[in-house]
Amino acid sequence: MCGRFTLTVSEQTLQTYLNNTFNVSNKTAISHQPQYNIAPSQNILTVINDGKKDRVGYISWGFIPAWQHTKKNAIINARSETIDKLKSFKQAFKLKRCIILSDGFYEWHHITKKPFHFTLSNRKIFAFAGLWNSTILEDGTTHYSCVIITTEANALLKDKHHRMPVILSPNDYSTWLNPNQNNTKTLKTILKPYKSSDMSAYPVSSAVNNPSNNFIDCIKPL
DNA sequence: CCAGACGTTGTT
DNA sequence: GTCTGG
DNA sequence: CCAGACGTTGTT
DNA sequence: GTCTGG
């Protein structure tokens, strides 16, 4: 699964990445500090497409269905296998697909509970497949929320955990983000475990366990 | 028709 | 044990 | 995901 | 809001 991740790059690196990767219309909306320990309920950096341009922005991690008016019971992951069928995600899968930017995620060994950091072998920024939504809270404000899509674990993950987040191939970004794309089969085909041989993993300090620890030692190899 | 659920993870 | 908050 | 709280009364 | 179960 995916319950914690990183985006450790500088603002400069992030801006360069956005320029080279997306057709972003509102880059100035971004102000970034390296993040070593991103946890559910925090605002995370997402990309959506409005039909013409890509837009970047911060959205709360933890999906709230449209009929719910509180932040309780936020859902942090959605299974790719059933995402097109379930009530909570069906609509968003059709119309509100997003990308969540990251450069690594944490998994805890299912037995030992020791944390590991997973990255691409080239250490580059990558994109989780996600869905977003908006709902009106009791105080009248609009709340934007998102969820990270999961799939079965690849070979690298398997001995730690049986689920992993979907990491998109850069070739699929525009298809995934295109709000006019309505071919369910095409979209679901994109949601596959990332190639194991292009990823790395290493154990890290249990300092990462506490979400308030946001410092570089979280990603230091043990 | 109305009532009640609507999600994931892992664990039992 | 279970829920809330980050 | 993990960490940390989990309650009431009255008083400040 | 929308789907499922009775």
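The structure this text deals with has already been given above.
Residues numbered from 1 in each chain as written. Chains lettered and ligands numbered in written order. Predicted model: local features only at pLDDT ≥ 70, side-chain atom pairs only at ≥ 80, totals over all residues. Heavy atoms only, no water.

Participant: How should I be thinking about the protein's contact with DNA strand D in this particular structure?
Facilitator: With respect to spatial proximity, the complete set of residues near DNA strand D consists of Met1, Gly3, Arg4, Pro40, Ile76, Trp108, Asn209 and Asn210. Close to the protein, within 4 Å, the atoms of DNA strand D belong to sugar or phosphate groups at a rate of 72%. Here a sugar or linking oxygen of DNA strand D sits 2.8 Å away from a polar atom, N or O, in the side chain of arginine 4. The separation between a sugar or linking oxygen of DNA strand D and a polar main-chain atom of asparagine 209 is 3.2 Å. (Near = heavy atom within 4 Å. Polar contact = N/O pair within 3.5 Å; in protein donor to acceptor, adjacent residues only side chain to side chain.)

Participant: Before we go on, may I ask you to explain the layout of surface pockets in this structure?
Facilitator: Gaps between atoms show up when a probe of the same size as a water molecule is rolled over them. What the largest pocket holds in volume is close to 220 Å³. The wall of the largest pocket is formed by 13 residues, among which Leu120, Asn122, Lys124, Ile125 and Pro170 lie closest to the centre. (1 Å grid on protein atoms, 1.4 Å probe; cavity = no way out; pocket = protein on both sides within 12 Å on 5 of 7 lines; lining within 4 Å. Points joined across faces, edges and corners; volume = space filled by probe spheres on them.)

Participant: Could you clarify how one ought to interpret the packing of aromatic side chains in this entry?
Facilitator: Aromatic ring pairs are defined here through the distance separating the ring centres and the angle between the ring planes. Applying the stated criterion across every chain, the model contains eleven aromatic pairs. A ring pair is formed by phenylalanine 22 and tyrosine 173, whose centres lie 5.6 Å apart and whose planes are at 15 degrees; its orientation type is stacked. In this pair, phenylalanine 22 is assigned in the loop between α1 (11-21) and β2 (35-38) and tyrosine 173 in helix α3 (residues 173-177), connecting sequence segments 151 residues apart. The pair phenylalanine 22 / tyrosine 173 is uniform in exposure class, with both members buried. Ring pairs connect the aromatic residues Phe5, Trp61, Phe105, Phe118, Phe126 and Phe128, which therefore count as one cluster. (Phe/Tyr/Trp six-rings, centres within 6.5 Å; stacked < 30°, edge-to-face > 60°. Helix = DSSP H or I, 4+ residues; strand = E, 2+ residues; numbered from the N terminus. Buried < 20%, exposed > 50% of the residue type's maximum accessible area, 1.4 Å probe, protein only.)

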